[in-house]
Amino acid sequence: MASPRVLLPERMAIMGIYYNPEDYGLTVIGEVERGEPYQWDGVVAWKHEDGRVLAGKDSVCSCYSPFEWCDGVEDLLHITDAAQIGALLDDAYFDVSAPDRADLLNAVRKELS
């Protein structure tokens, strides 16, 4: 497993791919989420510094941080086709609106082209 980059002390309180994607060589392409009191559900797509498009989905209560289970980029899904994002959205833990779905799919398609 690849280890994350060295974290600055001010970031130690909130670590992880969701809150500090740049520490893992990631930039957020887009995300669709539903945040409710004590609950977070979402699908996120990132671009890695090596050019790969990666994505994941998660659902957590307020006891955990989004993607807390994720130790590094190797735990994310390598996206090679926008249909893979469509499948993640279809399998999301919440209903994704048509405009949110289209926005994320279009952002991923742009990065894949």
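The structure under discussion appears in the preceding block.
Remember, it's a predicted structure, so these values are computed and weren't measured experimentally.

Looking now at the environment of Pro37. As for its position among the elements, Pro37 is in the loop between β1 (26-36) and β2 (39-48). When the C-alpha atoms of Pro37 and Cys61 are compared, they prove to be 8.8 Å apart, with 24 residues separating the residues in sequence.

What follows is about unusual backbone geometry. Positive phi, normally seen in glycine, also occurs at Phe67, with a value near 60 degrees. Residue position: Phe67 is located in the loop between β3 (53-61) and β4 (77-79). Residue Phe67 is classed as buried on the basis of its relative accessible area, which comes to 1%.

Time to look at the side chain of Asp58. For Asp58, the position within the fold is in strand β3. An unpaired buried charge is present at Asp58: no salt bridge exists, and Lys57, the closest side chain of opposite charge, is 8.3 Å distant. At 2.5 Å, the side chain of Asp58 and the backbone nitrogen of Phe67 are in polar contact. Leaving out residues up to four positions away in the same chain, Asp58 has contacts with Trp40, Asp41, Gly42, Ser65, Pro66, Phe67, Glu68, Trp69 and Tyr93.

Here the structure, examined in full by the defined rule, presents six aromatic pairs. On the basis of an interplanar angle of 65 degrees and a centroid distance of 6.1 Å, the ring pair of Trp40 and Phe67 is categorised as edge-to-face. Highlighted residues: Trp40 in strand β2 and Phe67 in the loop between β3 and β4, separated in sequence by 27 residues. In this structure, Trp40 and Phe67 share a single accessibility class: buried. Joined through ring pairs, the aromatic side chains of Tyr18, Tyr19, Trp40, Trp46, Phe67 and Trp69 make up one cluster.

The rules behind these values
In this numbering scheme, every chain counts its residues from 1 along its sequence in written order. With the structure being a predicted model, the display of local features is reserved for residues of pLDDT at least 70 and the display and counting of side-chain atom pairs for 80 or more, all residues being used for whole-chain, interface and lining totals. As a convention, hydrogens and water are excluded, and side-chain values are obtained from all of the structure's heavy atoms. Numbering goes from the N terminus for both helices and strands, where a helix is a DSSP run of H or I of at least four residues and a strand is a run of E of at least two. Working definition: with a 1.4 Å probe on protein chains only, accessible area under 20% of the residue-type maximum means buried, over 50% means exposed, and in between means partly exposed. Neither His nor the chain ends contribute to the count of charged residues, in which Lys and Arg are positive and Asp and Glu negative. Only one rule defines a salt bridge in this text: a Lys or Arg side-chain nitrogen within 4 Å of an Asp or Glu carboxyl oxygen. Pairing of N or O atoms within 3.5 Å defines a polar contact, subject to two protein rules: one partner must be a possible hydrogen donor and the other a possible acceptor, and residues neighboring in sequence count only if both atoms are side-chain atoms. Here, residues are in contact when the closest pair of their heavy atoms is within 4.5 Å. Note on aromatic pairs: the rings of Phe, Tyr and Trp (six-membered ring only in Trp) are paired at centre separations within 6.5 Å, and the planes decide the class, stacked below 30 degrees, edge-to-face beyond 60, tilted for the rest.

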